[in-house]
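# Chain and residue survey
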Amino acid sequence: MKEYEYSFEVESIDPYIDYCIKEGYEKTDDTSQTRTLYRNVNKTMARITTKEKNGNKKTLLDFKDDNQADEILKVCRESLPLEVTDENKEAVDSILDFLEYKKDKVLIRNRVVYKKGNVTFEIDKYDSPDVMFVVAIEGEQEAVDKVYNFIKENINNEIAK
């Protein structure tokens, strides 16, 4: 599956949350997340993400193209997630080792997700390794382009210089 996504760092996430609420987006997720990234020389990465909300935890493994280009728009292949449990954690670690994925870094963040139609906003507040705010807009290309261009012109005209 291909992911079509604009992703950019912002000074504050508040205008983007306000936009989503005003435009009738539905909040579908609000979780604390710890994501461990594993990189491979074949330009892919494995990601183990633990999501926590109200004391409940869920851990998922997925794979994605490792596109570290400094571009706002990225189109990458992304796998469907596989749940990691206490019962299969050792097997997951063994598979990552066998496929030569090397642990790279751990990200700690809070992610709020808003959805409407074919557009999803992922709004992140990172605590580690750096404190920063990131907004991603993903989904169907035409709808995402339209929303991104509106955001760029009306909320943050600095994001696409």
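Below or above, wherever it landed, is the structure these notes cover. From a predicted model like this one, the values you see are computed outputs, not experimental measurements. (Residues numbered from 1 in each chain as written. Predicted model: local features only at pLDDT ≥ 70, side-chain atom pairs only at ≥ 80, totals over all residues. Heavy atoms only, no water.)

## Thoughts on the overall build of the protein
What counts, and what does not: Strands are runs of DSSP state E lasting at least two residues, helices are runs of H or I lasting at least four, and both sets are numbered from the N terminus onward. We compute the radius of gyration over the C-alpha atoms and compare it with the globule rule, which gives 2.2 Å times the number of residues raised to the power 0.38. Three labels apply to residues, based on accessible area from a 1.4 Å probe with only protein chains included: buried if under 20% of the type maximum, exposed if over 50%, partly exposed otherwise in between. Note on definitions: a residue-residue contact is assigned when non-hydrogen atoms from the two residues lie within 4.5 Å. Areas reported as accessible are Shrake-Rupley estimates using a 1.4 Å probe. Residue values count occlusion only from the protein chains shown.
Along the protein, the regular secondary structure elements total 3 helices and 9 strands. When the helices and strands of the protein are placed in sequence order, the string is β-α-β-β-β-β-β-α-β-β-β-α. In terms of C-alpha radius of gyration, the protein reaches 16 Å, essentially the compact-globule figure of 15 Å for 161 residues. Of all 161 residues assigned to the protein, the portion counted as buried reaches 40%. In the protein, 53% of the contacts between residues at least 6 apart in sequence involve partners at least 24 apart. Roughly 9,900 Å² of accessible area belongs to the protein as shown, and the carbon and sulfur atoms make up 47% of that amount.

## Notes on the environment of Phe 63
With respect to the helices, strands and loops of the structure, Phe 63 is situated in strand β4 (residues 56-65). A relative accessible area of 25% places Phe 63 in the partly exposed class. Distance in space between the C-alpha atoms of Phe 63 and Gly 139 is 18 Å, their sequence separation being 76 residues.

## Concerning the side chain of Thr 31
Along the polypeptide, Thr 31 turns up in strand β2 (residues 26-39). Those residues in contact with Thr 31 that lie beyond four places of it in its chain are Lys 51, Glu 52, Lys 53, Arg 109, Asn 110 and Arg 111.

## Points about unusual backbone geometry
For the bond from Ser 128 to Pro 129, the omega torsion is 5°, close enough to zero to count as cis. For Pro 129, the position within the fold is in the loop between β8 (119-128) and β9 (132-139). The phi dihedral of Glu 100 is positive, around 65°, even though this residue is not glycine. Turning to its location among the elements, Glu 100 is positioned in the loop between α2 (89-98) and β7 (102-116). Looking at Glu 100, the relative accessible area reads 52%, which means it is exposed.

## Quick look at the nonpolar core
The condition that has to hold: The criterion is simple. A nonpolar core is a set of buried Ala, Val, Leu, Ile, Met, Phe, Trp, Tyr and Cys residues joined through side-chain atoms within 4.5 Å.
Judged by nonpolar contacts, the single largest core of 21 residues is most densely connected at Phe 8, Phe 121, Ile 123 and Ile 137. Elements with a minimum of two residues in this core: β1 (2-10), α1 (14-22), β7, β8, β9 and α3 (141-154). In contact with Ile 137, other than residues within four places in its own chain, are Tyr 4, Glu 5, Tyr 6, Phe 8, Val 119, Thr 120, Phe 121, Val 144, Val 147, Tyr 148 and Ile 151. Core analysis: the second largest hydrophobic core is formed by 8 residues, Tyr 38, Ala 46, Ile 48 and Leu 96 among them.

## Some remarks on the sheet that holds β9
The criterion, for reference: Here, strands pair whenever DSSP counts at least two bridges between them. To get an axis, fit a line to the C-alpha atoms, keeping to the stretch in contact for a helix; angles then go from 0 to 180 degrees between the N-to-C directions.
Sheet architecture is open: 9 strands sit in the order β5-β1-β9-β8-β7-β2-β3-β4-β6, paired in antiparallel fashion. In the strand order of this sheet, the two ends are held by β5 (73-77) and β6 (82-84), each with one partner. Going from strand to strand, the sheet's axes swing by 30° on average, the running direction of each strand aside. As defined by bridge partners, strand β3 (residues 44-53) adjoins β4 across 10 bridges and the pair is classed as antiparallel. For Thr 49, the partnering residue across the bridge sits in β4 and is Leu 60. Contacts between α3 and the sheet are confined to β1, β8 and β9, with β1 contributing the most and set at about 10° to the helix.

## Structural notes on the pairing of β9
Of the pairings in the sheet, the one linking β1 to β9 comprises 6 bridges and is antiparallel in character. Residue pairing across strands places Ser 7 opposite Ala 136, the latter belonging to β9. Count of turn residues in the β8/β9 antiparallel hairpin: 3 residues.

Purely geometric stuff here, so don't read any function into it on its own.
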